[in-house]
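Now for the letters of each chain:
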Amino acid sequence: MPELAEVFQRFGYAYLDKYHENMLASHKRAIIDILHCRTEALGGEVMLCRHCGAKAYKYHSCKNRSCPKCQNDQTDQWLDKQRACLLPTAYFMATFTLPGLLRTLTRSQQETLYGILFTASQQALRKLAKDPKYIGGEIGMLGVLQTWRRDLGYHPHIHYIIPGGGLAPDGVTWRPARHDYLMPEKALAIIFRAKFRDLLMKTNFYDQVSPSVWKQSWCVDIEPVGDGQSVLKYLAPYIYRVAISNKNILNVTDTHVTFRYHESKNKGGAVRTKTLPAENFMQQFLQHVLPKGFRKVRTYGLWHHKKRDQLELIKEQLQPEPIQTIAPDGQPKTQEVTPPAKRPFKCKDCGQAMIVLDTIQRRGPPLLLWAYSQTQTS
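Presented here is an overview of the structure given in this document. As the structure is a computational prediction, the values presented were derived from the model and not from experiment.

Before going further, it helps to spend a moment on the packing of aromatic side chains. Scanning the entire structure with this criterion turns up 16 aromatic pairs. Here the aromatic rings of phenylalanine 118 and phenylalanine 294 are separated by 6.4 Å at their centres, their planes lie at 40°, and the arrangement is tilted. Of this pair, phenylalanine 118 sits in helix 5 (residues 110–129) while phenylalanine 294 sits in the loop between helix 8 (278–286) and strand 12 (297–301); the two residues are 176 residues apart in sequence, bridging distant segments of the chain. Accessibility classification places phenylalanine 118 together with phenylalanine 294 in one group, the buried group. Within the aromatic cluster, the residues linked to one another by ring pairs are Phe96, Tyr160, Phe192, Phe196, Tyr206, Trp214, Trp218 and Tyr300. Taking the ring centre of phenylalanine 294 as reference, the NZ or CZ of arginine 298 above it sits at 4.7 Å.

Our focus in this paragraph is the side chain of aspartate 33. Within the secondary structure, aspartate 33 sits in helix 2 (residues 25–36). By relative accessible area, aspartate 33 is classed as buried at 14%. A polar contact of 2.9 Å, which involves the side chain of aspartate 33, links it to the side chain of asparagine 64.

Considering all chains together, one arrives at 12 salt bridges under this definition. For aspartate 151, the salt bridge goes to lysine 274, with nearest N and O atoms at 3.8 Å. Taken together, the residues span a long stretch of sequence, with aspartate 151 in the loop between strand 4 (140–148) and strand 5 (154–163) and lysine 274 in strand 11 (residues 271–277) at a distance of 123 residues. What makes lysine 274 partly exposed here is its relative accessible area of 25%.

Thresholds, definitions, all that
Residues numbered from 1 in each chain as written. Predicted model: local features only at pLDDT ≥ 70, side-chain atom pairs only at ≥ 80, totals over all residues. Heavy atoms only, no water. Phe/Tyr/Trp six-rings, centres within 6.5 Å; stacked < 30°, edge-to-face > 60°. Helix = DSSP H or I, 4+ residues; strand = E, 2+ residues; numbered from the N terminus. Buried < 20%, exposed > 50% of the residue type's maximum accessible area, 1.4 Å probe, protein only. Lys NZ or Arg CZ within 6 Å of the ring centre and 35° of its normal. Polar contact = N/O pair within 3.5 Å; in protein donor to acceptor, adjacent residues only side chain to side chain. Salt bridge = Lys/Arg side-chain N within 4 Å of Asp/Glu carboxyl O.

Purely geometric numbers; function is a separate question.
Right, dumping it as structure tokens:
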């Protein structure tokens, strides 16, 4: 089956030759890492099956967050960690989407504009939440940046998970929101637009934006999502998922790449295919590679790690005493949470666990790509 690495293997060198002077360092790094992920270039181990005597090679992963091979195992760990922060209350999901007139600038100045998107949206939420007409207190938020549509189009937006309520100014009283209403979307969108504009004015990019963008309506959507479990499960894959998975790449020819995507959020929706020239496909993919070190998941208010003590106090107020498990001897016992065991590398022939027989030293990537990798900025 074709993979993203095959696309870069066929066309990545020519792409770098043509565009390397204008490419972001994170884009060059993504090409290099994905090309060499789980290959001899990154080193690894020679594995031996004691049961049948078979040998296999286990190469190291590149660990690049844009690589479709490297992010699958972390989703469940993240989900378990965030579930522990959920309060026993109703939850909402708020989505902030940048208007089309700002997307070209955002694509070229990702680190600055994504940062402004986060800051403006969370400030707007917290400002309106403090209005006594809605909540009248400090809320908690977990935000996730997503930049792609299902067809690889550029569509930067942030999803926030928000508990239905907030902590009053006295720092003790919990003020619940209505179970089906958090705050007005239109008012929130106006505040979001104003804060984004004010933050952008402090940069060198404000004059590059058409004045009409500040007159049009901006899009903010808020919907109730039950107890929060379902929306966490919905967002969890996006934390470590990249713009396209290997399973959705259907064909790679000498000139084009064909891939499939679901037309709607529901997996039962229509499945479409799209064929792009290889260069365009790589451009579409790379525009979703985030700048080095940029945090695509951020917490604010009561969900921020510095406020976790307050979150626990609220949880105690809202949650009844936990039911204790009784051991066979009649004494209460505390259920211990053990970290998941590391999955063994199994033999493809007999299915038994394999052991390390020897190590393979890491090799440097091809000279051309290695030269490009040295242009990476810190």
